[in-house]
Amino acid sequence: MPKINITFQSDEISATASSLLDTAERLFARDGIENVSIRQIVKESGHGNLSGAHYHFGNRETLIRKLLERRMVVVDALRHAALDRLVELGLERDLYALIECTTRVLETTVREYSWGRDYVLVIAQALFNPRIKLIDSLSINAITGLKRTGELARAELTHLPEDCFKERLRITRLNVVYEVARWLEENELNAATEKAFQQVIVNVSEFSVGGLLAPVRSQESQKPVAKVARSTSVAQARKRSSD
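Since the model is a prediction, treat every value here as computed from it, not as a measurement. (Residues numbered from 1 in each chain as written. Predicted model: local features only at pLDDT ≥ 70, side-chain atom pairs only at ≥ 80, totals over all residues. Heavy atoms only, no water.)

**Thoughts on helix H5 (residues 95-112)**
Item 1. Its 18 residues place the ends of H5 26 Å apart at the C-alpha level, agreeing with the 26 Å of an ideal helix rising 1.5 Å per residue.
Item 2. Here H5 lies mainly inside the structure; 14 of its 18 residues are buried.
Item 3. Its side-chain oxygen placed 3.1 Å from the backbone nitrogen of tyrosine 96, aspartate 94 serves as the N-cap of H5. (Helix = DSSP H or I, 4+ residues; strand = E, 2+ residues; numbered from the N terminus. Expected span 1.5 Å × (residues − 1). Buried < 20%, exposed > 50% of the residue type's maximum accessible area, 1.4 Å probe, protein only. Polar contact = N/O pair within 3.5 Å; in protein donor to acceptor, adjacent residues only side chain to side chain.)

Next comes the structure, spelled out in structure tokens:
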């Protein structure tokens, strides 16, 4: 997939703001979102004016959103290009091809862009941080490819109730990002680890398709299992309290 050059257009970004975002991305990926202050970002970026950071972003949550949005418009363009290719090949109705295609967009991002690895590590943290509420606050222009992927998947999963489909798709997206980020956190992508990274992409894609295609159990069939689970939890709690 060819490298795509896109300028972030959500707002007018100054050189100072861009430098702060670059520094924040690197620090968040290395040390974690919760462990990096705006003051540290300002210091590391070489801009000594803390008020300038607050002027550009207001607060940490906005900074994180801006940081990710500027990358997501590029990733979204890659996703559209991959989906266009899938349509050209006549594979848009192949659920596995669809899921693997969009999963490999993250692979392409990591390979083709110097910021790719840090982006994946940061977005994985942001998606699982309840204070950031990333998806709810993103510009729609940054996620049109995600929406298109969902529409194509829905066309092949018409048997699923709407709420069930939306929840399974949400879980799939979170799991794909998390698993790729986990691997990148634990490994350096190079010739020696290439095969292992490729296997992660395949495993995540297969697991995701399996989850999307899983049969839907009726409410009645779920009750006995839920009852057993609750009884087991109570028994274990009683045992611990008596030890």
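**Describing the confidence of the model for the chain**
Item 1. On average, residues of the chain score 85 in pLDDT, and 77% of them are at 70 or above.
Item 2. By mean pLDDT, helix H11 (residues 219-242) is the weakest element of the chain at 58, and helix H10 (residues 194-213) is the strongest at 97. (pLDDT = per-residue confidence, 0-100.)

**So, the side chain of threonine 172**
Item 1. Along the chain, the position of threonine 172 falls in helix H9 (residues 162-186).
Item 2. Exposure remark for threonine 172: the relative accessible area of 10% places this residue in the buried category.
Item 3. Ignoring anything within four residues of it in the chain, the contact list for threonine 172 reads Ser208 and Leu212. (Contact = heavy atoms within 4.5 Å.)

**Some details on the nonpolar core**
One recurring pattern in soluble globular proteins: nonpolar side chains tend to sit buried together.
Item 1. With 64 residues, the main nonpolar core has Phe28, Leu68 and Tyr119 as its most contacted residues.
Item 2. Those elements giving two or more residues to this core turn out to be helix H1 (15-31), helix H2 (38-45), helix H4 (60-88), H5, helix H6 (116-127), helix H8 (144-156), H9 and H10.
Item 3. A total of twelve residues in this core trace back to one element, the largest contributor, which is H4.
Item 4. Sequence-distant contacts of tyrosine 119, that is, excluding residues within four places in its chain, are made with Glu25, Leu68, Arg71, Met72, Val75, Leu106 and Thr109. (Core = buried A, V, L, I, M, F, W, Y, C linked by side-chain atoms within 4.5 Å.)

**Remarks on the pattern of salt bridges**
Item 1. On inspection of all chains with the given rule, the structure shows 19 salt bridges.
Item 2. Via salt bridges that share partners, Glu100, Arg104, Glu107, Arg111 and Glu194 belong to a single interconnected network. (Salt bridge = Lys/Arg side-chain N within 4 Å of Asp/Glu carboxyl O.)

**Some remarks on the packing of aromatic side chains**
How two aromatic rings sit relative to each other is set out by the distance from centre to centre and by the angle between their planes.
Item 1. Enumeration over the complete set of coordinates arrives at four aromatic pairs.
Item 2. Each residue in the set Tyr113, Trp115 and Tyr119 is aromatic and connected to the rest through ring pairs, giving one cluster. (Phe/Tyr/Trp six-rings, centres within 6.5 Å; stacked < 30°, edge-to-face > 60°.)

**What about the environment of phenylalanine 28?**
Item 1. Inspection of the secondary structure assignment puts phenylalanine 28 in helix H1.
Item 2. Look at phenylalanine 28 and you get buried, because its relative accessible area is 1%.
Item 3. A sequence separation of 97 residues divides phenylalanine 28 from glutamine 125, and the C-alpha atoms of the two residues are 8.9 Å apart.
Item 4. Apart from the residues within four sequence positions on either side, phenylalanine 28 is in contact with Ile33, Val36, Ile41, Arg60, Leu63, Ile64, Leu67, Val122 and Gln125.

**A few points about the packing of H4 against H5**
Item 1. Contact pair H4 / H5: the axes reach a minimum separation of 9 Å and the direction vectors enclose 140°. The angle between H4 and H5 falls in the class oblique. The way H4 lies across H5 gives a crossing that is right-handed. Contacts between H4 and H5 involve Val75, Leu78, Arg79, Ala82, Leu83 and Leu86 from the first element and Ala97, Leu98, Cys101, Thr102, Val105, Thr108 and Thr109 from the second.
Item 2. Class assignment for the residues of the contact of H4 with H5 results in nine nonpolar, three polar and one charged. (Axes fitted to C-alpha atoms, helices over the stretch in contact; angles between N-to-C directions. Parallel < 35°, antiparallel > 145°, perpendicular 65-115°, else oblique. Left-handed = near helix turned anticlockwise from the far one by under 90°. Nonpolar A, V, L, I, M, F, W, Y, C, P; charged D, E, K, R; others polar.)

**Points about the packing of H5 against H6**
Item 1. Put simply, H5 and H6 touch, their axes get as near as 6 Å, and they point 135° apart. As judged from the angle between their axes, H5 and H6 are oblique. Of H6, the residues touching H5 (which contributes Leu106, Thr109 and Val110) are Gly116, Arg117, Tyr119 and Val120.
Item 2. Counted by class, the contact of H5 with H6 contains four nonpolar, two polar and one charged residues.

**Some words on the environment of glutamate 186**
Item 1. Note that glutamate 186 resides in helix H9.
Item 2. Within polar-contact distance, the side chain of glutamate 186 engages the side chain of arginine 182 at 3.2 Å.

**As for H10**
Item 1. With 20 residues, H10 ought to run about 28 Å at 1.5 Å a step, and its terminal C-alpha atoms sit 29 Å apart, in line with that.
Item 2. Turning to H10, its buried residues are Phe197, Val200, Ile201, Val204, Ser205, Ser208, Val209 and Leu212. All buried residues of H10 lie within an arc of 155° about the axis, which places them on one face of the element. H10 presents Lys195 and Phe207 as exposed residues on the side facing more than 90 degrees away from its buried surface. (Arc of directions from axis to C-beta.)

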